[in-house]
Amino acid sequence: MNNDRNSVLIHEKQETIWNAITNDEIISKWNIPKLQVGEKAIFVLMPSAHNSLKENESIPMSFTIQEIIPYERFSYSSDSDKLVYTFEIFPESALEYPLTWTDMNLVWLT
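Chemist: How would you summarise the nonpolar core if you had to cite specific residues and measurements?
Modeler: Listed in full, the 11 residues of the largest apolar core are Ile17, Trp18, Ile21, Trp30, Ile32, Ala41, Phe63, Ile65, Phe74, Tyr76 and Ile89. Secondary-structure elements contributing two or more residues to this core are α1 (14-22), β4 (59-69) and β5 (73-78). Those residues in contact with Trp30, other than ones at most four positions away along the chain, are Ile21, Asp24, Ala41, Ile42, Phe43, Phe63 and Tyr76.

Chemist: I'd like a description of α1, backed by residues and values.
Modeler: When α1 is considered as a whole, its buried residues turn out to be Ile17, Trp18, Ile21 and Thr22. All buried residues of α1 fall inside an arc of 110° around its axis, so they share one side.

Chemist: Tell me about the side chain of Thr22, and name the residues and values.
Modeler: Within the secondary structure layout, Thr22 lies in helix α1. From its side chain, Thr22 meets the backbone oxygen of Trp18 in a polar contact 2.8 Å long.

Chemist: So what's going on with the packing of aromatic side chains? Which residues, and what values?
Modeler: Applying the stated criterion across every chain, the model contains 11 aromatic pairs. Arranged with centres 6.1 Å apart and planes meeting at 90°, the rings of Trp18 and Phe74 form a pair that is edge-to-face. Of this pair, Trp18 sits in helix α1 while Phe74 sits in strand β5, and the two are 56 residues apart along the sequence. The class for Trp18 is buried, based on a relative accessible area of 5%. Taken together, a centroid distance of 5.8 Å and an interplanar angle of 50° make the contact between Phe74 and Tyr76 tilted. Among the residues examined, Phe74 registers a relative accessible area of 1% and is labelled buried. What makes Tyr76 buried here is its relative accessible area of 9%.

Chemist: Please give an account of the sheet that holds β4 that cites residues and values.
Modeler: Across the sheet, 5 strands lie side by side as β2-β3-β4-β5-β6; this open sheet has antiparallel pairing. Here the strands that pair on one side only, and so sit at the sheet edges, are β2 (30-31) and β6 (84-88). In this structure, β2 lies alongside strand β3 (residues 40-45), joined through 2 bridges in antiparallel fashion. Each bridged residue has a counterpart across the sheet, and for Asn31 the counterpart in β3 is Ile42.

Reading the values: rules and limits
Residues numbered from 1 in each chain as written. Predicted model: local features only at pLDDT ≥ 70, side-chain atom pairs only at ≥ 80, totals over all residues. Heavy atoms only, no water. Core = buried A, V, L, I, M, F, W, Y, C linked by side-chain atoms within 4.5 Å. Buried < 20%, exposed > 50% of the residue type's maximum accessible area, 1.4 Å probe, protein only. Helix = DSSP H or I, 4+ residues; strand = E, 2+ residues; numbered from the N terminus. Contact = heavy atoms within 4.5 Å. Arc of directions from axis to C-beta. Polar contact = N/O pair within 3.5 Å; in protein donor to acceptor, adjacent residues only side chain to side chain. Phe/Tyr/Trp six-rings, centres within 6.5 Å; stacked < 30°, edge-to-face > 60°. Pairing = 2+ DSSP bridges.

What is shown is where atoms sit, not what they do.
Here it is in structure tokens:
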């Protein structure tokens, strides 16, 4: 089992991050009919610089919501390969410096 973790540090309010992750009106490629554990969600992968899809191609992907802790944690699993994706949101004041998360790759966004 691969336990690799990647993290992105975003300087923004927890509520703003939560809404960006869970509001399908903000992320137009999401379709989250009901924000509830066990519910299905659809994400449509569109062509971008980060994949090899051609213009007008898309790949719909089905996910199942695994965990919801409002403004703190949102987790879902891919229905095709059962990979779990987790968004953990911490207030900046909860982070200790220097960071000691040696198993994570940190990307700092300001």
